[in-house]
Amino acid sequence: MVLRLALRKILTDGGEGAPALRDRFAEEISRLGQELDLLDRACGKDLVAWYDSRWAVLCKAVYARKKIPMFRRRRGRRHAPHDEGLKFGTNYPISEKSLEGRLKQAQPVLDHLQRKWDQDKKKISPH
C-alpha cells in the first residue's frame, strides 16, 4: 500500500526525475491505477486518502537510527534503503486473488489504520 501510494506521489510530485522513472518502469506503472483502485475497494477510499495524506509524518521516520533524508543519494552514491529495496523488490502485480493469498488476515491491519485515523480526527479541532 505504502509503496504504491509513494510511487503515485513520486510520479505526480517527483520533479525532473519522475519522467525517467516512468520510462524505466513503464510496465509496472501501467498497472498502478488498477492496483490503487483495488486498495480503495479493499480498504475504503477514505482510509486510503487519509493514509496518503500522512507523508509529512512518514518522512520523519527513522531507519537504522537515521532519519530518511540522510539516506538520499548524494553524488551518485547509493545508500542502504535503496540497496535493500532493490534486494527486496515488489515487482509483482496485485490482484484480488494475490491479495487473498498473501494477506490472510487483512482486518488487523485495517483496524490499526482505522485507530490511527480516529486518533488523528481527535487531534483536529473543529474550529
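Residues numbered from 1 in each chain as written. Predicted model: local features only at pLDDT ≥ 70, side-chain atom pairs only at ≥ 80, totals over all residues. Heavy atoms only, no water.

## Examining helix α1 (residues 2-13)
Filter applied, for reference: Helix and strand definitions follow DSSP, with helices as H or I runs of at least four residues and strands as E runs of at least two, each counted in order from the N terminus. Multiplying one less than the number of residues by 1.5 Å gives the expected span of a helix. Relative accessibility under 20% of the residue-type maximum defines a buried residue, over 50% an exposed one, and the middle range a partly exposed one, all with a 1.4 Å probe and only protein chains included. Our arc is simply the arc of the directions from the helix axis toward the C-beta atoms. Only heavy atoms matter for contacts: two residues are in contact if any of them lie within 4.5 Å across the pair.
Its 12 residues give α1 an end-to-end C-alpha distance of 16 Å, which sits within 8% of 16 Å, the value for a rise of 1.5 Å per residue. Taken residue by residue, α1 has Arg4, Leu5 and Leu11 as its buried positions. The arc that holds every buried residue of α1, seen down its axis, measures 125°, which confines them to one face. Among the structural elements, α2 (18-24), α3 (26-30), α4 (32-43), α5 (45-52) and α6 (55-58) are those in contact with the buried residues of α1. Gly15 sits one or two residues past α1 and shows a positive phi near 75°.

## Brief notes about the pattern of salt bridges
Our working definition: The rule for a salt bridge is simple: a side-chain nitrogen of Lys or Arg has to be within 4 Å of a carboxyl oxygen of Asp or Glu.
Evaluation of the coordinates by the stated rule reveals seven salt bridges. The residue Arg4 makes a salt bridge to Glu35 at a minimum N-O spacing of 2.7 Å. Of this pair, Arg4 sits in helix α1 while Glu35 sits in helix α4, and the two are 31 residues apart along the sequence. Lys9 is the salt-bridge partner of Asp13, the closest N and O atoms lying 3.1 Å from each other. Here Asp13 pairs with Lys9, and both are found in helix α1, just four residues apart, close to one helical turn. Judged by relative accessible area, Asp13 falls into the exposed class, the value being 53%. One network of salt bridges, in which partners are shared, links Arg4, Arg31 and Glu35.

## A closer look at the packing of aromatic side chains
For clarity, the threshold we go by: Stacked, edge-to-face and tilted are the three classes for Phe, Tyr and Trp ring pairs, Trp counted by its six-membered ring, which pair at centre distances within 6.5 Å; planes under 30 degrees apart are stacked, over 60 edge-to-face, the rest tilted. Either the NZ atom of lysine or the CZ atom of arginine qualifies as a charge over a ring when it sits within 6 Å of the ring centre and within 35 degrees of the ring normal.
Under the defined criterion, the tally for this structure stands at two aromatic pairs. Pairing Trp50 with Tyr51 gives two aromatic rings, centres 6.0 Å apart and planes at 45°, and the pair type is tilted. When its relative accessible area of 16% is taken as the criterion, Tyr51 is described as buried. Here a set of aromatic residues connected by ring pairs shows up, and it is made of Trp50, Tyr51 and Trp117. Stacked on the ring of Trp117, the Lys or Arg Lys121 has its end atom at 4.0 Å from the ring centre.

These values are about where atoms sit, not about what they do.
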